[in-house]
Amino acid sequence: MLANALLADIWALGGLAPQALGHVDLQGADPVLPSSFAVGTAAQTSIAAAALAACELGHVRGQSRQTVRMDMAHAALECVGWFSINGQVLDAWDTFSGLYACADGWVRVHANFAHHRDGALALLGLSSATAQREDVQRILRTWKALDFEQAAAERGMVVSALRSFAEWDAHPQAQAVATQPLITLERIGDGDAPALPLPTLEAHQRPLTGLRVLDLTRIVAGPVAGRTLAAHGADVLLVNAPHLPNVNLIAENSRGKLSCHIDLRDKNQHKAMDGLLSQADVWVQGYRPGGLEALGYGPAALAEKRPGIVIVSLSAYGEQGPWAQRRGFDSLVQAATGFNLAEAEAAGSAQPKALPMQILDHASGYLMAFAASAAKARQLQEGGSWHARVSLAQTAHWLRGLGRVASGFSVAAPDQQPYLETYASGFGTLVAVRHSAQLSRTPALWSRPSVPPGTHAPVWPPAGQ
């Protein structure tokens, strides 16, 4: 019953018809993975919201409603994000990423991008050419955790000091987050913007068929959003800049997507982006607040260029408060907001303990997909341009509010083998978890293989291709 009640709360944030909530069947209960937090419930509820919203958009476009069924164990394993390429499971973390003891606590360093790694090492007087992890640990024992966090932030690096829940609650950013809903969905720009029509659907078509989505995201949460929309039939075009790094997860998170390169720093390439935008329905972005505004593609500019557009924005800590501009990733937000210390205490561990998957990333990604479908359904019915906002810190606040699982460490992770599928991809043979949302009439699937960035030209494919 908890998952159904949570789904109803999310549904209300989207302003969608409550009758659709009668078309969902959620099975299972926490714990499904070893954790003192309701990570299975968070996974199941967010994925179900995304799937049901896609179906509701299909209903607005003329389809009869269909039922979304989901097993919690499958949903949780999908959020673990396991995959292999050509039989190899690739290491998700750089050598220097992870936890370090300081003089008075702990810090977590995110070093998966070379410039973040090199910047953090330089702050310690080290070079990536010669440094060892032991060198980092030795020097950090002379730093106070909050001092290193602040010094790294001032240099644009990504580091979090570990806090308890009480310490986080006293922080001004926590107080800013606590005043915001899980998802913010608002009408922006010219209120008279007309509804941008989509083709009427046949009963057998996936509910997002014909929806065109520009995916300007990297790493986990944003790519999960685009991948989810693609699973339900959307044409998703991943737009990367050639100078920006990616991580190995792109092979798994790009299932179902086209992929092109556009460098918005070059004004000569704005024509290509504007051409894509002129035919797009949804714009999904995961850059820091203000990052795309500086390039001419903030929400107000997008609504002016493409009246009726749906924009979905992801940030680390939200768009209000002193940390609104701070970089962050799931592991860092877990650390800063108290989860690592609380999980360790529940497990009886002397060292901080991460959640069993990057649930803040994954749940946020599915909430972004939910918001995209919900806002587009509203746009078809009401017109206008729409902006939805999701943040990792807000998702963390929501997860914490689900309460603790007393017997959370009494279980082992379920066998993932029954949920794995094999895909041909531009990276090699990909084995990954299939989508956990089962639709009664139009099964979710990825009709396009994941491919390396820049594989395709920056143009939309003809309808139906």
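Residues numbered from 1 in each chain as written. Predicted model: local features only at pLDDT ≥ 70, side-chain atom pairs only at ≥ 80, totals over all residues. Heavy atoms only, no water.

Caption draft 1: Spotlight on the nonpolar core. Core analysis: the biggest nonpolar cluster contains 111 residues, and Ile 359 and Phe 370 have the highest contact counts within it. Beyond its immediate sequence surroundings of up to four residues, Phe 370 is in contact with Ile 10, Trp 11, Gly 14, Leu 16, Ala 49, Ala 50, Ala 53 and Ile 183. Within the second largest apolar cluster, 22 residues are counted, among which are Tyr 100, Val 109, Ala 120 and Leu 140. (Core = buried A, V, L, I, M, F, W, Y, C linked by side-chain atoms within 4.5 Å. Buried < 20%, exposed > 50% of the residue type's maximum accessible area, 1.4 Å probe, protein only. Contact = heavy atoms within 4.5 Å.)

Caption draft 2: Inspection of the packing of aromatic side chains at higher detail. For the structure shown, the criterion picks out 10 aromatic pairs. Note on Phe 37 and Phe 165: the rings are 6.1 Å apart at their centroids and 90 degrees apart in plane angle, and the pair reads as edge-to-face. Placement of Phe 37 in the loop between β1 (24-27) and α2 (39-60) and of Phe 165 in helix α7 (residues 165-169) is noted, with a sequence separation of 128 residues between them. Overall, Phe 37 belongs to the buried group, its relative accessible area being 1%. Judged by centre distance (6.3 Å) and plane angle (75 degrees), the ring pair of Phe 113 and Phe 329 falls under edge-to-face. One end of the pair, Phe 113, is in the loop between β5 (106-109) and α4 (114-123); the other, Phe 329, is in the loop between β12 (310-315) and α13 (330-336), and 216 residues separate them in sequence. You can call Phe 113 buried: its relative accessible area is 3%. Here Phe 329 falls in the buried class, since its relative accessible area comes to 15%. Pairwise contacts between aromatic rings join Phe 37, Phe 165 and Phe 339 into one cluster. Across from the ring centre of Trp 446, 4.3 Å away, lies the NZ or CZ of Arg 255, which sits over that ring. (Phe/Tyr/Trp six-rings, centres within 6.5 Å; stacked < 30°, edge-to-face > 60°. Helix = DSSP H or I, 4+ residues; strand = E, 2+ residues; numbered from the N terminus. Lys NZ or Arg CZ within 6 Å of the ring centre and 35° of its normal.)

Caption draft 3: Summary view of helix α3 (residues 72-80). The element α3 is largely enclosed, with a buried count of eight among its nine residues. Looking at α3, one finds that the buried residues are Met 72, Ala 73, His 74, Ala 75, Ala 76, Leu 77, Glu 78 and Cys 79. As for α3, its buried residues are in contact with β1, α2, β2 (68-71), α9 (221-231), α15 (359-382) and β15 (428-433). The N-cap of α3, judged by a side-chain oxygen 3.2 Å from the amide nitrogen of Ala 73 a few residues on, is Asp 71. (Polar contact = N/O pair within 3.5 Å; in protein donor to acceptor, adjacent residues only side chain to side chain.)

Caption draft 4: Quick look at the pairing of strand β14 (residues 420-425). Here β14 pairs with β15 via six bridges, running antiparallel. When the sheet's bridge partners are listed, Tyr 423 is paired in β15 with Leu 430. Counting the residues that bridge the hairpin from β14 to β15 gives two residues. (Pairing = 2+ DSSP bridges.)

Caption draft 5: Fine view of the environment of Ala 42. Within the fold, Ala 42 resides in helix α2. Residue class for Ala 42 comes out buried when judged on its relative accessible area of 1%. Taking the C-alpha atoms as reference points, Ala 42 and Cys 79, separated by 37 residues in sequence, lie 9.8 Å from one another. Excluding anything up to four places from it in sequence, Ala 42 contacts Ile 359, Ala 363, Trp 398, Leu 399 and Leu 402.

Caption draft 6: Up close: the packing of helix α1 (residues 2-14) against α15. Here α1 crosses α15 at 45 degrees, and the two axes come no closer than 9 Å. By the criterion of interaxial angle, the relationship of α1 to α15 is oblique. Crossing geometry of α1 relative to α15 is assigned as right-handed. Two secondary-structure elements touch here, α1 through Ile 10, Trp 11 and Gly 14 and α15 through Leu 367, Phe 370, Ala 374 and Arg 378. Considering only residue class, the contact of α1 with α15 consists of five nonpolar, one polar and one charged. (Axes fitted to C-alpha atoms, helices over the stretch in contact; angles between N-to-C directions. Parallel < 35°, antiparallel > 145°, perpendicular 65-115°, else oblique. Left-handed = near helix turned anticlockwise from the far one by under 90°. Nonpolar A, V, L, I, M, F, W, Y, C, P; charged D, E, K, R; others polar.)

Caption draft 7: Layout of the sheet that holds strand β16 (residues 438-439). The strand order across the open sheet formed by three strands is β1-β2-β16, and the pairing between neighbours is mixed. Looking at the sheet topology across the chains shown, the edges are occupied by β1 and β16.

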